[in-house]
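Survey of secondary and tertiary structure
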Amino acid sequence: AKKEGAGKIKVFRQWMLDKLQESRTLEHDMALALVNKEFVVYYQPIVDSFSQEIYSYEALIRWIHPLKGLLSPDSFIPVAEKTGMINEMGKLVLEMACREAASWVIPAKISVNVSPVQLSSKAFAGIVLSILNETGLPAERLELEVTESSLFTESNTPMNTLNTLRALGVNISIDDFGTGYSSLSRLSRLAFDKIKIDKSFVQSISTQEDALNIIRLITGMAKSLNMKAVAEGVETQEQLESLKLLGCDFTQGYLFGKPQPYIDGKIRYG
Ligand code: C2E
Ligand code: CA
Ligand code: CA
Ligand code: CA
């Protein structure tokens, strides 16, 4: 049994070394990727639940890795956050997304994800403003998606930044709502524009009564705080019908379109 334990430790040690090596090369590749412009933005529509008109497009980063091909953000954003490279990467996404949105014929909004790391930087508001200036995109067409954890900090910087940007007309949406620990009092003090209900709830609507009740609670809360509710991960007509009954204002998901790159002057989706 002792020998087996030692073997396990050996395996574990190797696993740790592999992980370390993996994150090191990822980090190295990522620094190069920023220089070589290997990052692209995909766009996914967010529609009005009732009229089904397109309200916004969410910008979702992708990495076209020279050897590994298309990488999804969950595989590299955590490393980018740990190393601080997310600041550069986030700026790049914001620039690309605002530039493209400024050229659209239909004045849909553009929703850009912001990492808690970016939001904790005092420089962030200034960066957003200079990108709006540079690209000519009106502040009213930009929406920032921030997570609950961004505000879970001692520092006043994230709140001040959001208040400044909001005063200029930028919309603020809380992403993945229901998975974090926002207190109601904090929420009501912040005055966001939208609450995005996490897709885990949407996708268990028909199988778990709890999920339905939680969504009802969130949409009701949004209403009483004067915010709009958005559901993500909507894949079926049945889910859409339930969400409409629950009074969810906007919906997003494969039912309306998968994230797609911007090609030939047109956004392709569906
Ligand atoms: P998120 O902001 O919650 O984005 C929603 C995710 O759900 C996206 O995954 C989207 O492709 C996926 N999705 C949309 N509709 C459906 C559906 O109907 N069914 C299913 N199963 N999935 C759906 P994606 O693009 O892989 O992004 C993952 C996460 O990476 C995002 O979650 C966001 O947290 C982060 N992320 C993406 N782009 C950026 C970025 O530019 N900056 C930062 N900081 N984070 C980003
Ligand atoms: Ca998002
Ligand atoms: Ca989300
Ligand atoms: Ca998410």
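Below is a short write-up of the structure. What you see is a predicted model, and the numbers here were worked out from it, not measured in a lab. (Residues numbered from 1 in each chain as written. Chains lettered and ligands numbered in written order. Predicted model: local features only at pLDDT ≥ 70, side-chain atom pairs only at ≥ 80, totals over all residues. Heavy atoms only, no water.)

**Some remarks on the coordination of the calcium ion (ligand 4)**
Under ideal tetrahedral coordination, the four donors around a metal are separated by 109.5 degrees; under ideal octahedral coordination, the six donors are separated by 90 or 180 degrees. At the metal site, the calcium ion (ligand 4) is ligated by Asp176 (OD) and Asp176 (OD), and these contacts range over 2.9 to 3.0 Å. Between the calcium ion (ligand 4) and the calcium ion (ligand 3) the interatomic distance comes to 3.8 Å, and aspartate 176 is a ligand of both metals. You can see aspartate 176 is positioned in strand β6 (residues 171-177). (Donors = N, O, S within 2.8 Å, 3.2 Å for Na, K, Ca; no water. Helix = DSSP H or I, 4+ residues; strand = E, 2+ residues; numbered from the N terminus.)

**A short note on the side chain of serine 49**
Positionally, serine 49 belongs in the loop between β1 (39-48) and β2 (54-65). From its side chain, serine 49 meets the backbone oxygen of cysteine 248 in a polar contact 2.8 Å long. For serine 49, the contacting residues outside a window of four places in its chain are Leu240, Lys244, Cys248, Asp249, Phe250 and Thr251. (Polar contact = N/O pair within 3.5 Å; in protein donor to acceptor, adjacent residues only side chain to side chain. Contact = heavy atoms within 4.5 Å.)

**A short note on the coordination of the calcium ion (ligand 3)**
Donor atoms from the polypeptide that coordinate the calcium ion (ligand 3) comprise Asp175 (OD), Asp176 (OD), Glu232 (OE) and Glu232 (OE), at 2.1 to 2.7 Å from the metal. Each donor residue of the calcium ion (ligand 3) lies on one chain, and together they are spaced D-D-x55-E. Judged by its relative accessible area of 9%, glutamate 232 is buried. (Buried < 20%, exposed > 50% of the residue type's maximum accessible area, 1.4 Å probe, protein only.)

**Description of the site of ligand 1**
Taken together, the neighbourhood of ligand 1 is formed by 22 residues, with Gln44, Arg62, Lys199, Glu235 and Tyr254 sitting nearest. In the environment of ligand 1, an oxygen atom lies 3.0 Å from a nitrogen or oxygen atom belonging to the side chain of aspartate 175. Contacts to ligand 1 include tyrosine 254, whose backbone N or O atom sits 2.8 Å from an oxygen atom. Notes on ligand 1: free accessible area 810 Å², of which the protein chains cover 86%. Of all elements in the fold, only β2 and β6 reach the threshold of two or more residues within the shell around ligand 1. Among the elements that line the shell around ligand 1, the one with the most residues is β2, at four residues. For the shell around ligand 1, a count of residues per class yields eight nonpolar, six polar and eight charged. (Near = heavy atom within 4 Å. Areas by Shrake-Rupley, 256 points an atom, 1.4 Å probe, with all protein chains shown as cover. Nonpolar A, V, L, I, M, F, W, Y, C, P; charged D, E, K, R; others polar.)

**A word on the packing of aromatic side chains**
Under the defined criterion, the tally for this structure stands at seven aromatic pairs. Consider the rings of phenylalanine 12 and tryptophan 15, whose centres lie 5.9 Å apart with planes at 20 degrees: the pair is stacked. Pair noted here: phenylalanine 12 and tryptophan 15 are both in helix α1 (residues 2-36), with a separation of three residues, about one helical turn. The exposure class of phenylalanine 12 is partly exposed, given its relative accessible area of 46%. Exposure remark for tryptophan 15: the relative accessible area of 48% places this residue in the partly exposed category. Their ring planes at 90 degrees and their centres at 5.4 Å tell us that tryptophan 63 and phenylalanine 76 sit as a pair that is edge-to-face. Of this pair, tryptophan 63 sits in strand β2 while phenylalanine 76 sits in the loop between β3 (69-71) and α2 (77-83), and the two are 13 residues apart along the sequence. (Phe/Tyr/Trp six-rings, centres within 6.5 Å; stacked < 30°, edge-to-face > 60°.)

**Topic: the pairing of strand β4 (residues 109-113)**
With four of five residues buried, β4 lies mostly within the body of the structure. Where β2 lies against β4, four bridges are found, and the strand directions are parallel. Residue glutamate 58 lies in a different strand from β4, and its bridge partner there is serine 111. In this structure, β4 lies alongside strand β5 (residues 142-147), joined through four bridges in parallel fashion. Residue pairing for β5: asparagine 113 is matched across the bridge by glutamate 145. (Pairing = 2+ DSSP bridges.)

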